[in-house]
Amino acid sequence: MKYEAVIGLEVHAQLLTASKAFCSCTTKFGNVPNSNTCPICLGMPGVLPVFNKRALEFTVRMALACNCTINEISRFARKNYYYPDLPKNYQISQYELPLAEHGWIEIDEGNGTKKIGITRIHMEEDAGKLIHDETKAYSYVDLNRTGVPLIEIVSEPDMRTPEEAAAYLKALHSILVYLEICDGNMEEGSFRCDANVSLRPHGSKGLGVKTELKNMNSFRNVQKALQYEIDRQNEALASGEVVVQETRLFDPSTGATSSMRSKEQAHDYRYFPDPDLLPLKVSAEFVEQVRSELPELPMQKRNRFVEQYQLPRYDADVLTSSRLLADFFEKTTALYPQAKTVSNWVMTELLRLMKAANEDNPSRRVSPEMLADLLQLMDKGVVSGKMAKTIFEEMYDTGRDASSIVKEKGLVQVSDEDELRSLVRKALAENPKEVAKYLSGKTQLLGHFVGLVMKATRGKANPAIVNKLLLEELGKKA
Amino acid sequence: MTELYEMTAWQLAEALEKGHTSSVDITRSVIKRIEAVEELIHAYVTAAPERALEMAKEADMKRARGASNKLLGIPIAIKDNMCMKGHRTSCGSRILSNFVPPYDATVVSAMKEAGMVILGSCNMDEFAMGSSTETSFWGPTRNPWDRDRTPGGSSGGSAAAVSAGEAVVSVGSDTGGSIRLPASFCGVCGMKPTYGAVSRYGLVAYASSLDQIGPFGKDVRDLALLLNVLCRHDPKDSTSVPRQHPDFTTVLDAPVAGMKIGLPREFFSKLDHPDVERVMKEAQRVFHGLGIRFVELSLPYLDYGIAAYYIIAPCEASSNLARYDGVKYGHRAADFSNMIDMYRYTRAEGFGAEVKRRIMLGTYALSSGYYDAYYLKAAKVRTLITQDFKAAFKKCDAILCPVAPTPPFKLGEKIDDPIQMYLTDVFTIPVNMAGLPGLSLPGGLSADGLPIGIQLIAPHFEEARLIQLGAAYQRETDHHLARPSI
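These numbers come from a predicted model, not from an experiment. (Residues numbered from 1 in each chain as written. Chains lettered and ligands numbered in written order. Predicted model: local features only at pLDDT ≥ 70, side-chain atom pairs only at ≥ 80, totals over all residues.)

Colleague: Explain the overall build of chain A residue by residue, including any values.
Modeller: Check the secondary structure of chain A and you find 15 helices and 16 strands. Expected size for 478 residues packed as a compact globule is a radius of gyration near 23 Å; at 30 Å, chain A overshoots this value by more than 25%. In terms of principal-axis extent, the alpha carbons of chain A reach across some 95 × 55 × 55 Å. Counting only residues that meet the buried cut, chain A has 41% of its 478 residues in that class. (Helix = DSSP H or I, 4+ residues; strand = E, 2+ residues; numbered from the N terminus. Rg over C-alpha atoms; globule rule 2.2 N^0.38 Å. Buried ≥ 20, exposed ≤ 12 C-beta atoms within 10 Å, placed from the backbone.)

Colleague: How would you summarise the overall build of chain B if you had to cite specific residues and measurements?
Modeller: Within chain B one finds 16 helices and 11 strands. Relative to the globule expectation of 23 Å for 486 residues, the C-alpha radius of gyration of chain B, 21 Å, shows essentially globular dimensions. A principal-axis box enclosing the C-alpha atoms of chain B has dimensions of 65 × 55 × 45 Å. Out of the 486 residues belonging to chain B, those deemed buried represent 62%.

Colleague: Please give an account of the interface of chain A and chain B that cites residues and values.
Modeller: Across the boundary between the two partners, chain A contributes 25 residues, which contact 36 residues of chain B. For the side of chain A that touches chain B, a count of residues per class yields 16 nonpolar, 4 polar and 5 charged. (Contact = placed C-beta atoms within 7 Å. Nonpolar A, V, L, I, M, F, W, Y, C, P; charged D, E, K, R; others polar.)

Colleague: Run through the domain arrangement of chain A, naming residues and quoting values.
Modeller: The accessible area lost on association of the parts is a frequent measure of interface size. Here chain A is partitioned into domain 1 (3-289), domain 2 (296-409) and domain 3 (417-477). Taking only C-alpha atoms into account, the centre of domain 2 of chain A sits 34 Å from that of domain 3 of chain A. (Domains from an automatic or database assignment.)

Colleague: Can you break down the pairing of strand S2 (residues 75-79) of chain B residue by residue, with the values?
Modeller: One face of the sheet, then the other: side chains in a regular strand alternate in exactly this way. Residue and element names in this part refer to chain B. When you tally the buried positions in S2, you get 5 out of 5 residues, the bulk of the element. Residue alternation in S2 divides its side chains into two sets, Pro-75, Ala-77 and Lys-79 and Ile-76 and Ile-78, and both sets are buried. Read as a crossover between parallel neighbours, the route from S2 over helix H4 (residues 106-113) to strand S3 (residues 117-122) is right-handed. With 2 bridges connecting them, S2 and strand S4 (residues 169-174) associate as parallel partners. (Right-handed = clockwise from strand over helix to strand, strands pointing away. Pairing = 2+ DSSP bridges.)

Colleague: Describe unusual backbone geometry, naming the residues involved and giving the relevant values.
Modeller: Residue and element names in this part refer to chain B. Between Gly-153 and the following residue, Ser-154, the backbone shows a cis peptide bond with an omega angle of 10°. Along the chain, Ser-154 turns up in the loop between S3 and helix H5 (156-163). Notably, Phe-127 is not glycine yet its phi reads approximately 55°, a positive angle. Note that Phe-127 resides in the loop between S3 and H5. Judged by local crowding, Phe-127 falls into the buried class, with 32 C-beta atoms found within 10 Å. Positive phi outside glycine occurs at Ala-128, with the angle close to 65°.

Colleague: If you had to explain the sheet that holds strand S15 (residues 272-273) of chain A to someone new, which residues and values would you point to?
Modeller: Residue and element names in this part refer to chain A. In space, the 3 strands of this open sheet follow the order S5-S4-S15, with antiparallel pairing throughout. Bordering the open sheet on either side are strand S5 (90-93) and S15, each of which pairs with just one other strand. Here strand S4 (residues 77-80) pairs with S5 via 4 bridges, running antiparallel. Counterpart to Asn-80 in the pairing with S5 is Tyr-90.

Colleague: So what about the pairing of S4 of chain A? Which residues, and what values?
Modeller: All names here are of chain A. Both faces of S4 are covered, namely the face carrying Ala-77 and Lys-79 and the face carrying Arg-78 and Asn-80. As judged from the 2 bridges shared by S4 and S15, these two strands associate in the antiparallel manner. The residue bridging Ala-77 from the neighbouring strand is Pro-273, located in S15.

Colleague: Mind laying out the packing of helix H9 (residues 368-379) of chain A against helix H10 (residues 385-398) of chain A, listing which residues take part and the relevant values?
Modeller: All names here are of chain A. H10 packs onto H9 with a crossing angle of 160° between their chain directions and a minimal axis gap of 10 Å. As summarised for this structure, H9 and H10 are arranged roughly antiparallel, according to the angle between their axes. Between H9 and H10 lies a crossing whose hand is right-handed. On H10, the residues touching Met-370, Leu-374 and Met-378 of H9 are Gly-385, Ala-388, Ile-391, Phe-392 and Met-395. Classifying every residue of the contact of H9 with H10 by side-chain character gives 7 nonpolar, 1 polar and no charged. (Axes fitted to C-alpha atoms, helices over the stretch in contact; angles between N-to-C directions. Parallel < 35°, antiparallel > 145°, perpendicular 65-115°, else oblique. Left-handed = near helix turned anticlockwise from the far one by under 90°.)

Colleague: Could you give an account of helix H12 (residues 353-366) of chain B, with specific residues and numbers?
Modeller: All names here are of chain B. With 14 residues, H12 ought to run about 20 Å at 1.5 Å a step, and its terminal C-alpha atoms sit 20 Å apart, in line with that. Buried within H12 we find Val-355, Arg-358, Ile-359, Gly-362, Ala-365 and Leu-366. Angularly, the buried residues of H12 cover 135° about the axis, an arc narrow enough to put them on a single face. The exposed residues of H12 that point more than 90 degrees off its buried face are Ala-353 and Met-360. (Expected span 1.5 Å × (residues − 1). Arc of directions from axis to C-beta.)

Colleague: Can you lay out H5 of chain B for me, pointing to particular residues and giving the numbers?
Modeller: All names here are of chain B. In terms of burial, H5 is a largely internal element, 8 of the 8 residues being buried. Buried within H5 we find Gly-156, Gly-157, Ser-158, Ala-159, Ala-160, Ala-161, Val-162 and Ser-163. The positive-phi residue at the C-terminal boundary of H5 is Gly-165, with phi of around 80°.

Colleague: Residue-level account of the packing of helix H2 (residues 23-41) of chain B against helix H3 (residues 49-64) of chain B, with values.
Modeller: Residue and element names in this part refer to chain B. Interaxial distance between H2 and H3 falls to 8 Å at its minimum, and their mutual angle equals 160°. In this view, H2 runs roughly antiparallel relative to H3, as classed from their interaxial angle. Seen from above, H2 lies across H3 with right-handed handedness. Residue-level contacts link Ser-23, Val-24, Thr-27 and Ile-31 of H2 to Pro-49, Ala-52, Leu-53, Ala-56, Lys-57, Ala-59 and Asp-60 of H3. When the residues that make up the contact of H2 with H3 are grouped by side-chain class, the tally is 7 nonpolar, 2 polar and 2 charged.

Colleague: Describe the environment of Leu-280 of chain A, listing the residues and the values that go with them.
Modeller: All names here are of chain A. Summarising the element assignment, Leu-280 is placed in strand S16 (residues 280-281). Judged by local crowding, Leu-280 falls into the partly exposed class, with 18 C-beta atoms found within 10 Å. Distance from Leu-280 to Glu-72, taken between C-alpha atoms, is 7.9 Å for residues 208 residues apart in sequence. If near-sequence neighbours (up to four positions away) are discounted, Leu-280 is found in contact with Ile-73, Ser-74, Arg-75 and Phe-76.

Colleague: Report on the environment of Gly-177 of chain B, specifying residues and quantitative values.
Modeller: Residues and elements named next belong to chain B. With respect to the secondary-structure elements, Gly-177 resides in the loop between S4 and helix H6 (180-186). On the neighbour-count criterion, Gly-177 (32 C-beta atoms within 10 Å) is buried. Here the alpha-carbon distance between Gly-177 and Ser-440, two residues 263 residues apart in the chain, equals 9.7 Å. Setting aside anything within four residues of it in sequence, one finds Gly-177 in contact with Ser-131, Asp-425, Thr-428 and Ile-429.

Colleague: Explain the sheet that holds strand S5 (residues 189-192) of chain B to me, and be specific about the residues and the numbers.
Modeller: Residues and elements named next belong to chain B. Taken in spatial order, the 11 strands of this open sheet run S1-S3-S2-S4-S6-S5-S10-S11-S9-S7-S8, and their pairing is mixed. Of all strands in the sheet, those bounded by a partner on one side alone are strand S1 (44-47) and strand S8 (293-297). With strand direction ignored, the average angle separating the axes of adjacent strands in the sheet is 30°. Two elements, strand S9 (residues 398-402) and strand S11 (residues 451-457), share 4 bridges in a ladder whose sense is antiparallel.

In structure tokens, the structure reads:
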């Protein structure tokens, strides 16, 4: 029998609020352990939570971007379980009445797009971190992250392949980053994903027994873990075994998943409404206010780029992969309206340099004005394309503008015909054998002559003019 | 001559204003009284006389500089579940027996702001779970009227302290009757304000949706003074209601003629103690004499109050008390071989029997598969009780009923029979379930000379109406002037 996979994802995204979800401690990453704490996030006796309005605003942004219905009244609930990184031994989360439900986002699929349903988006607080030192008989607890606001985005089981799952994850990631509510850093854990996967016979409507996969800290690992799990379940079913409902841990070093806990061992979280927090009312006015401030979303921007700038879909995809990059492109294009040229430069030169510098903000080193100036110098023939690339690298490294680099390095292109013609004549005069060969039909030697002139000018000769002059001079000899 | 410790806050405030005494003198008098009778009563877990004297000196200096608010320099005792920076706050439990909070509860800040002298923290049932102050890790408090009897609970220490003159006034917390019952048993006044009127920030939680802090005093006038300090919106408590509270002292002399008081049939039909019946009848006569009319009420859902309470409160408690695990503060078991054992031994050693019973009740009731049948059902009953009261208050301005079915019972009498102990709170629990304000007033003595309280209940945020009725009642009676002889 042929099986198809049914995949649903649960994504946790850390919100970029300045303070924690229920107290005023900073959320800054990397501070001295336990320094970002107060009696409230330490779960001292008698303390009470007060909800951070900013976290609500951020969640509403995401809910709107995912086309969700926002519940006018939602509730915080306590999820009860014991762990030393959870000082209250319960997590404030949402359960029966989440903030938002019934949404969807679109992902690219083949030539078209596919809608992936969003079951719910709810708010909760993060736990702290345990640090284990195997040489010691105890572990360390760092509660800096305790109480940092999170949202959990639960998808419908709408994905059928690991590729679709990765596309969905990337789309969510890109929306979160576009909305400026999450930094999307998977390695530091500010964007985390668990996956549910089951198999069912092709064409069947029912659902098979699912396993939950954990510990996948990159897009690639999510894809790898899902593929491994689909293969494993396929083999199990093919050999007549049953799939057991369980939670499985992905091991990035082996690419395999292994059983972590069975259904029977699953926690009973004993959810109930948190009596310390009133039902959360979200007014229609507040939602409309947030909606009016929503930025253009990645998919909308991509489509607009294709239409407005007549760019290939691929270019538009790359340029809109980050809001900063898209902004950079648009600003440059406003100054230098040849969109495809700008696109090429941004996609190849700028992205290459950014990647090398491990930088995600394109404007940190060069501005759109600087790139537009450079492209104009090229158009005017002041610099060649090749020189422009060298200059751009210099601009990126030093932050200086094109004209000053050109001036300082004497990089101005030699376009003076008289000067170049004498160099052309000299080159031909010094290489009579090659000239003879050329004249006897070996015309590919033209490149060799161009090279000689370029060498004589240390690369500054305008190649188009050199070409033209060579053809003229060689023509005289024929 | 009347000693300073015997006087009310109001009387002391007037003496202070006239310069007849000082806060230091008052505080010294109270400390002397504590030294004399504390051994017999055990009202305190942690008394801090030296710090109290420092606070008294400061209050006198403030007064010398012109400060003049009514409670400036008046000694008060808090309950051992209210956090005070640098002061051990154990909640009557071994598990917090070494816990010193790094912060002040909002009510403690308010007392300090008012310049009150904080004497120390009073004994209580462990985590406020109990009706007799016998479940305290520190041993029971004794009733000043009869030291073989309980002071009621859970705020037994706070009530006994005022009754025995070990504090001028005090505060307690009331989740199912924990202020009103000990007030009744100790012959003092106590009020549980509306849920949301007083900040819970810094009150070690038992059942968060029911807990409320309130005052104890020798008379209603003192309660009014304290309510002025306690009732205020606190942004640190999301369940604190933003509203303007009146000056409660302005209604102290207001007439009550023409008001209507409701008598719930379900409560009065349960009375089977002759002394309690007599006291209730006499109270009705007094109110009648004040020009008040009575209406008989039926509040059928009140009968389910205890059943629903013993689902909701333990559910919340099971979660609230989960944090006491030995990881961060408080007691930690000495011997364990792994983390789970550390949790288990710490909690097994740290909590007493009643607390464990309620943690288990709540954990069970919240478990998957039982939630709908227990928690959800109890929450619905709670709504029905609230609706019963709302309907009742369309017919009357306040409700009169007993505080407890009996006068104070003996130490040890009910401690091994949890159901009997729970039934003590049959008249007080519904008030918490509905979040209403309730006032407990001395209503007379039993044939054995033991105090019996009467209870007045008002609609949400009508504490002033309770003060008004209570003050009128005390103008006509002198039950509140009776003192135990120790």
